[in-house]
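The chain contents come next:
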Amino acid sequence: MTKMINVEEQSPTSAAAEKATGSESLRHVSAYTTLLKKQAAELIKNLRQALKPKTVFLLAAAIVVIAFFGKNLKDILLVAFLAVVASYSTIYKRTIRVPGAIELVTIGTVVTGAAYGPVQGAAFGVLTTFAAAIISSGLNAFTALSAVARGISGAVSFYLGDTVSVVALGMISVVIENVIYQPIYLLSGDAEAIIGVIYYIIVNTVFNLLIFTFFGEILLKVAQF
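All of these numbers come straight from a predicted model, not from anything done at the bench. (Residues numbered from 1 in each chain as written. Predicted model: local features only at pLDDT ≥ 70, side-chain atom pairs only at ≥ 80, totals over all residues. Heavy atoms only, no water.)

Draft legend 1. Up close: a nonpolar patch on the surface. A cluster of nonpolar residues, Leu186, Ile194, Ile198, Ile202, Val206, Leu210, Phe214 and Phe215, forms a patch on the protein surface that exposes about 750 Å² of accessible area. For the nonpolar patch, the leading source of residues is helix H9 (residues 191–224), giving 7 residues. On the secondary structure map, Leu210 appears in helix H9. (Patch = residues over 30% accessible without salt bridge, like charges linked within 9 Å, V, L, I, M, F, W, Y side chains within 5 Å. Areas by Shrake-Rupley, 256 points an atom, 1.4 Å probe, with all protein chains shown as cover. Salt bridge = Lys/Arg side-chain N within 4 Å of Asp/Glu carboxyl O. Helix = DSSP H or I, 4+ residues; strand = E, 2+ residues; numbered from the N terminus.)

Draft legend 2. Main features of the environment of Ala144. Inspection of the secondary structure assignment puts Ala144 in helix H6 (residues 143–160). Residue Ala144 is classed as partly exposed on the basis of its relative accessible area, which comes to 39%. Through-space distance from the C-alpha of Ala144 to that of Phe130 is 7.6 Å; in sequence the pair is 14 residues apart. (Buried < 20%, exposed > 50% of the residue type's maximum accessible area, 1.4 Å probe, protein only.)

Draft legend 3. Quick look at the side chain of Thr112. For Thr112, the position within the fold is in helix H4 (residues 105–116). Residue Thr112 is classed as buried on the basis of its relative accessible area of 1%. Reaching out from Thr112, the side chain makes a polar contact with the backbone oxygen of Gly108 at a distance of 2.7 Å. (Polar contact = N/O pair within 3.5 Å; in protein donor to acceptor, adjacent residues only side chain to side chain.)

Draft legend 4. Structural view of empty space enclosed by the protein. Taken as a whole and assessed by the stated rule, the structure comprises 2 cavities of 30 Å³ or more. Reported here for the second largest cavity is a volume of approximately 50 Å³. Elements that contribute at least two residues to the lining of the second largest cavity include exactly H6, helix H7 (166–181) and H9. Across the lining of the second largest cavity, the residue classes break down as 3 nonpolar, 4 polar and 2 charged. (1 Å grid on protein atoms, 1.4 Å probe; cavity = no way out; pocket = protein on both sides within 12 Å on 5 of 7 lines; lining within 4 Å. Points joined across faces, edges and corners; volume = space filled by probe spheres on them. Nonpolar A, V, L, I, M, F, W, Y, C, P; charged D, E, K, R; others polar.)

Remember that the coordinates give geometry; whether it matters functionally is a separate question.
What follows is the structure, given as structure tokens:
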């Protein structure tokens, strides 16, 4: 009987302990839920900040690369490398407000077009032209025309790739881009526009001549290997 009384006397204490344990568990669950909500809110905030125009274009370029070259890791890595280099090649325009005559979009477009096809070359030229303009804060009304010119040069590079050297392809692409793009600047007729066009054509031609001479054949061989 004594033992029974002791058990009964201890029961309220056990119930209280269980209740306290349950309350503690609920507090832990509530704390974890609050933490998860904060983490989710922070994640959404970070995603919104990350999804800037330049990031979207780079992601789009990556998707295009994977779609076209998904069966070959070497091609994915090469074209992705060319795309990133091309997209960031005119970032200096953020601080130095000069025409983006020094650029690596042309060589990437030509190599991609000559090695993989007209659609791939055109897509590379268009996407990286927009990406470079956005990253360098140089997006304007003329960017679309420049993208079209690069797209054409990318397609042409495929059809001429077997008949001329890669250096000649580069120079043909430079001519195509300048013939389509530069006359728009001359419509204003002022001296500053004329000087800017002359500067761009000379610097861009010389720069691309050097780039294609030293790196064009190497990159094309790697792409076609």
